[in-house]
Amino acid sequence: MAGLREQVIRAGFETLYFSGAHKLLRHFVGGVGAILTLHHVRPARDDAFQPNRILEITPEFLEHLIVALQTAGVDLVSLDEAHRRIAEGDFRRRFAAITLDDGYRDNKEFAYPILKANDVPFTIYIPTSFMERDGELWWLVLEAVIAGNQSVSLRMNGEDRTLTCATAEEKQETFGAIYWWLRSLATETEIRGAVRELAADPLMTVGAHTINHVILAKTDADVAIREIEQGRALIEQRLGIRPMHFSFPFGDPASAGPREFAMAKELGFKTAVTTRPGVLFPEHRDHLMALPRISINGDYQRLRYVDVLMSGAATAVWNGFRRINAT
Ligand SMILES: [Zn+2]
């Protein structure tokens, strides 16, 4: 499904870009702002452009993106400020809020210096199991993926790998390989140290992202609410900052729906973001727990794509021209 969606949006970009149609659509779908989603930010390898592969952009692209948005007169704002503008209906200037999911180490190494140098506020959503190592449920996610597939493709240590997992024995082997690789990417102390250091910068907003990065919609209500609440509590306990913004893990409609939006509201978050593609409209004032985002990743690592994305045209095509997609 994600693959199909990517294809639809990408095809939409090409068509819209080359036809210039996005300019015509701008007034209709342009929106008032956008929340951008980034994951990994790190230097390109030999074959860095890998459509539908891993979520990453290069530091150079991040810099270009920031300059392009600023040049276009888009204010780069914190989530608190984005929330204020939506809540108060202050849409005199278009705005974008940069968010990074999962708190990868490269965020500190490569993204942060660029954001800092350009004085750009940003939010990092952190699943606390990455900090605490007390998480178990992400193992289950990995297990489910391996259980349901004959092979798994991913990029490990800069290399594209396809691991077969047709038989029970292969599944066990593949699970072990990916599990320990993930674990080796980020040790507890490194993550916690990096997060603490960044969190001291007023440019950074720390967002909550559950404890174990679970698919909330497929979890019992009491577990789901505990994941959201405890994820926030652990960050508060460790960093002394109470997150007011939340990101639904995975964030697609199968992972977060009305029940989860209500939970986030109940727990008092100011905003909660999904990965549903879209720009922001004034009407999102009534849907602050189901905000769409624009994914800035390897597939779209061209500024002309960002231009089309920010116009809202491509995601409007995907959303069937509905302005609000929160059901
Ligand atoms: Zn995530």
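Along each chain, numbering runs from 1 in the same order as the chain's sequence is written. The predicted origin of the model limits local features to residues at a pLDDT of at least 70 and limits the giving and counting of side-chain atom pairs to 80 or more, whereas totals for whole chains, interfaces and linings rest on all residues. Side-chain metrics rest on all non-hydrogen atoms present in the structure, leaving aside hydrogens and water.

Digging into the side chain of T174
Our working rule: Per the convention used, a helix needs a DSSP run of H or I reaching at least four residues, while a strand needs a run of E reaching at least two, with both numbered from the N terminus. Summary of the burial criterion: residues with accessible area below 20% of their type's maximum are buried, those above 50% are exposed, and those between are partly exposed, where the area comes from a 1.4 Å probe applied to protein chains only. As used in this structure description, the phrase polar contact means that two N or O atoms lie within 3.5 Å; if the pair is within protein, one of them must be able to donate a hydrogen and the other to accept it, and residues adjacent in sequence are counted only when both atoms belong to side chains. Contacts between residues were defined by any pair of non-hydrogen atoms, one from each residue, lying within 4.5 Å.
Looking at the element boundaries, T174 is found in helix α8 (residues 168-185). The exposure class assigned to T174 is buried, which follows from its relative accessible area of 5%. Within the structure, the side chain of T174 is placed 2.8 Å from the backbone oxygen of T164, a separation counted as a polar contact. In this structure, T174 is in contact with I146, L163, T164 and C165, ignoring residues within four places of it in sequence.

Examining the nonpolar core
Filter applied, for reference: Take the buried Ala, Val, Leu, Ile, Met, Phe, Trp, Tyr and Cys residues and link them wherever side-chain atoms come within 4.5 Å; each set so joined is a nonpolar core.
If you look at the biggest cluster of nonpolar residues, it comprises 63 residues, and the most contacted ones within it are L36, L38, L62, I98, L100, L115 and F122. Residues within four places of L62 in sequence aside, it is in contact with L38, V41, I57, A111, I114 and L115.

Some remarks on the coordination of the zinc ion
Our working definition: For Na, K and Ca the donor cut-off is 3.2 Å; for every other metal, N, O and S atoms count as donors within 2.8 Å. Water does not enter the count, which can leave sites looking incomplete.
Coordination sphere of the zinc ion, protein contribution only: D102 (OD), H209 (NE2) and H213 (NE2), at 2.0 to 2.1 Å. Sequence spacing among the residues donating to the zinc ion works out to D-x106-H-x3-H. With D102 in the loop between β5 (95-101) and α5 (105-117) and H209 in the loop between β9 (204-208) and α10 (221-239), this pair connects stretches of sequence that are 107 residues apart. We classify D102 as buried; its relative accessible area is 7%. Using a relative accessible area of 0% as the deciding quantity, one classes H209 as buried.

Remarks on helix α4 (residues 79-88)
Quick reminder of the rule: Arc definition: directions from the helix axis to the C-beta atoms.
By the burial criterion, the buried members of α4 are L79, A82, H83, R85 and I86. Buried residues of α4 fall within an arc of 165 degrees about the axis and therefore sit on the same side. Close packing links the buried residues of α4 with β1 (33-38), β4 (75-76), β5, β6 (122-126), β10 (245-247) and β11 (271-277). Downstream of α4 by one or two residues, G89 has phi in the positive range, about 65 degrees.

A word on the environment of L234
Mapped onto the fold, L234 is located in helix α10. As a C-alpha pair, L234 and A208 span 26 residues in sequence and 9.4 Å in three-dimensional space.

Digging into the packing of helix α3 (residues 59-71) against α5
Each pair of packed helices can be described by the angle between their axes along with the distance between the axes. As a reminder, the rule being used: Convention adopted: a line fitted to C-alpha atoms gives each axis, helices being fitted over their contacting stretch, and angles between N-to-C directions are expressed from 0 to 180 degrees. In what follows, roughly perpendicular refers to angles from 65 to 115 degrees, roughly parallel to angles under 35, roughly antiparallel to angles over 145, and oblique to any angle outside these ranges. Helix crossings are classified by the rotation of the near helix relative to the far one: an anticlockwise turn of less than a right angle makes the crossing left-handed, while a clockwise turn makes it right-handed. Nonpolar residues are Ala, Val, Leu, Ile, Met, Phe, Trp, Tyr, Cys and Pro. Charged residues are Asp, Glu, Lys and Arg, and all others, Gly as well, are polar.
Their axes nearest at 9 Å, the elements α3 and α5 cross at an angle of 25 degrees. By the angle class used here, α3 and α5 are roughly parallel. The way α3 lies across α5 gives a crossing that is right-handed. Between α3 and α5, the contacting residues are P59, L62, E63 and I66 on the first element and F110, A111, I114 and L115 on the second. Grouping the amino acids of the contact of α3 with α5 by side-chain chemistry returns seven nonpolar, no polar and one charged.

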